[in-house]
Amino acid sequence: MMRPAPSLRARLLISYIIVIVVCLALAALTLILVARPIQQRLMTARLAAQATLTAPRVQAMLERGLSPDQVAKRLGGVAFRQDFRLLLVDRQGQILGDTEGEWQGQLVSDLPRTANGQLESSGVLTGPGGVHLLYAGRAAGQVKATPLWVAAVTPSPRTPATLLGELGQGLLTAGLVALILSVLLAALAGIPIPLCSCG
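Residues numbered from 1 in each chain as written. Predicted model: local features only at pLDDT ≥ 70, side-chain atom pairs only at ≥ 80, totals over all residues. Heavy atoms only, no water.

> What should I look at first to understand the pattern of salt bridges in this one?
Close approach of charged atoms allows side chains of opposite charge to pair. Applying the stated criterion across every chain, the model contains four salt bridges. A salt bridge links D98 to R85, with the nearest nitrogen and oxygen atoms 2.8 Å apart. On the criterion of sequence distance, the pair formed by D98 in strand β2 (residues 95–98) and R85 in strand β1 (residues 85–90) is long-range, its members being 13 residues apart. Accessibility expressed as a relative area gives 2% for D98, which makes it buried. The class for R85 is buried, based on a relative accessible area of 9%. E102 serves as the salt-bridge partner of R85, at 3.4 Å between the closest nitrogen and oxygen. Linking R85 in strand β1 with E102 in the loop between β2 and β3 (122–126), this pair joins segments that are 17 residues apart in sequence. Among the residues examined, E102 registers a relative accessible area of 52% and is labelled exposed. Each of R85, D98, E100 and E102 takes part in a single network of salt bridges with overlapping partners. (Salt bridge = Lys/Arg side-chain N within 4 Å of Asp/Glu carboxyl O. Helix = DSSP H or I, 4+ residues; strand = E, 2+ residues; numbered from the N terminus. Buried < 20%, exposed > 50% of the residue type's maximum accessible area, 1.4 Å probe, protein only.)

Here's what the structure looks like:
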């Protein structure tokens, strides 16, 4: 016995659901693969500009006899208004000045370096407590013959898994709205929706 062919309404509803799922998947994939790298490049460029502007000021204050901690305190207001953090770091990764005052004397691990041992001008580093930071740094003079760097840092953009988790609720809501609209559009096809009679 041949099974009855699906109704037009059922075929429309199935096709709408497939289109919705594909569109939501493409939107999530685009945000993860395209938006995040672009966001990271823009943030790095902004940090690099700030580090370039700040380095001469840091060097001038050090030459006037201010300690790295005092320099960081003077720069704290600027960093707060611009929504980033300034660290004064030596070549060993020790934080000699922090505009937020929390990491003074602590170490930065996994500090990116070039082949000749110099600090990379930008990248991602691991701060105290294991926090991942996007940074851009510039040379800013010396303290007791030790080269000092000023690094403008901000939390690294979210990982794909975290980003997808945060987008999940929004994508699910959009999918449910689109599904409701699909049911309404399918109903407008003029074919009655079969109801299951129980009992």
